[in-house]
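Per-entry structural report
Chain by chain, the residues run as shown.
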Amino acid sequence: MAGNTPPRIGVLALQGDVAEHTALLGTLGVDVVDIRQVHQLEGLDGLVIPGGESSVMDKLTRLFGLAKPLQAAIARGLPVLGTCAGLIMLAQDLEDGIAGQQTLGGLDVSVRRNAFGSQVDSSEIELHIEGIGGPPMAVALIRAPLVTRVGKDVKVIATLSDGSIVAVEQGSLIGVSFHPEITGDDRLHRRFVELVKNRQFSAQ
Ligand code: GLN
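Residues numbered from 1 in each chain as written. Predicted model: local features only at pLDDT ≥ 70, side-chain atom pairs only at ≥ 80, totals over all residues. Heavy atoms only, no water.

This next bit is on the pairing of strand β8 (residues 137-142). Of all 6 residues in β8, 5 are buried, a share of seventy percent or more. For strand β7 (residues 122-127) and β8, the ladder comprises 6 bridges, and the chain directions are antiparallel. By the bridge assignment, Ile125 is partnered in β8 with Val139. (Buried < 20%, exposed > 50% of the residue type's maximum accessible area, 1.4 Å probe, protein only. Helix = DSSP H or I, 4+ residues; strand = E, 2+ residues; numbered from the N terminus. Pairing = 2+ DSSP bridges.)

Have a look at this one:
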């Protein structure tokens, strides 16, 4: 990324809420690319891993040979925003995964899949997120994971009123339990784009 060239932000487009993130990022003046193949990771400045079904996303990233290159890019410092299933993909440790389910890792946290029970399969909540000014954000929890452990380098940036951890940040990685892309509030994406611009990272 040089000069005034807009940052290139990918959306992992194997499964899940791809179109919503792509559309939202498209309004923020960045170059958006749907990622389905390894060569598309070249020159990326940031990546969004959407919500969806993490066990399917895990299988597809491995099937398409994307898992190892993604892990390498994360290890090199590629900024990544993981939302819901995307948070699960970024978590170092997973509770209640399906048999054999793996994650990419990178975020030193444990997450529990589908942690809110059937009565909270889906709900819209208002949340204050550290680093985001103004009124609380309206976000959706949909069969959401919960962060059950955070490593010492991980910053908690949002909790529910009962203290449950639903958003974390570690270096250039942001992971959130909720869907920020379907309630029409673009502030978390803006925060991520700022992070990407500040990192000036290019995964060559
Ligand atoms: N329960 C899903 C999973 O395990 C996550 C749900 C979501 O992304 N909305 O991947």
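And the narrative resumes.
With that settled, the discussion passes to the pattern of salt bridges. Scanning the entire structure with this criterion turns up 12 salt bridges. Glu130 is the salt-bridge partner of Lys155, the closest N and O atoms lying 3.5 Å from each other. Pair noted here: Lys155 is in strand β10 (residues 155-159) and Glu130 is in the loop between β7 and β8, with a separation of 25 residues, a long-range link. Salt-bridge contacts for Glu169 lead to Arg191; the nearest nitrogen and oxygen are separated by 3.1 Å. Taken together, the positions of Glu169 in strand β11 (residues 165-170) and Arg191 in helix α5 (residues 187-199) put the pair 22 residues apart, joining distant regions of the chain. (Salt bridge = Lys/Arg side-chain N within 4 Å of Asp/Glu carboxyl O.)

This part covers the nonpolar core. By size, the foremost hydrophobic cluster in this structure holds 33 residues, and its most contacted members are Ile9, Leu127, Ile129, Val166 and Phe178. Among the secondary structure elements, those contributing two or more residues to this core are β1 (8-12), α1 (18-26), β7, β8, β10, β11, β12 (173-176) and α5. Per element, the largest residue contribution to this core is 5 residues, and it comes from α5. In this view, Val166 contacts Phe116, Leu127, Leu146, Ala158, Thr159, Leu160, Gly175, Val176, Ser177 and Phe178; residues no more than four positions away in its chain are not counted. If you look at the next biggest cluster of nonpolar residues, it comprises 32 residues, including Leu41, Leu66, Ile74 and Leu90. (Core = buried A, V, L, I, M, F, W, Y, C linked by side-chain atoms within 4.5 Å. Contact = heavy atoms within 4.5 Å.)

Lining the immediate surroundings of the ligand are Gly51, Gly52, Glu53, Ser54, Cys84, Ala85, Ile88, Arg113, Asn114, Ile142, Arg143 and His179. A distance of 2.8 Å is found between an oxygen atom of the ligand and a backbone nitrogen or oxygen belonging to Gly52. The contact in question runs from a nitrogen atom of the ligand to an N or O atom on the backbone of Arg143, over 3.0 Å. In isolation the ligand offers 300 Å² of accessible surface; the protein chains occlude 96% of this area. (Near = heavy atom within 4 Å. Polar contact = N/O pair within 3.5 Å; in protein donor to acceptor, adjacent residues only side chain to side chain. Areas by Shrake-Rupley, 256 points an atom, 1.4 Å probe, with all protein chains shown as cover.)

The next subject is unusual backbone geometry. As a rule of thumb, non-glycine residues mostly have phi less than zero, and peptide bonds are mostly trans rather than cis. Phi is positive for Cys84, close to 55°, though the residue is something other than glycine. Within the secondary structure, Cys84 sits in the loop between β4 (80-83) and α4 (85-90). Positive phi is not limited to glycine here, since Arg143 has a value of about 40°. Judged by its relative accessible area of 45%, Arg143 falls in the partly exposed class.

Turning next to the environment of Pro50. Looking at the element boundaries, Pro50 is found in the loop between β3 (46-49) and α2 (54-63). For the pair formed by Pro50 and Gly134, sequence separation is 84 residues and the distance between their alpha carbons is 25 Å. With residues near it in sequence (within four places) discarded, Pro50 still touches Leu12, Gln15, Asp17, Val18, His21, Met57, Thr83, Ala85 and Gly86.

Moving on: the side chain of His189. Note that His189 resides in helix α5. Taking the relative accessible area as the measure of exposure, His189 reaches 0% and is therefore buried. A distance of 2.9 Å separates a polar atom in the side chain of His189 from a polar atom in the side chain of His21. If sequence neighbours within four positions are ignored, His189 has contacts with His21, Leu24, Leu25, Leu28, Leu81, Pro180 and Glu181.

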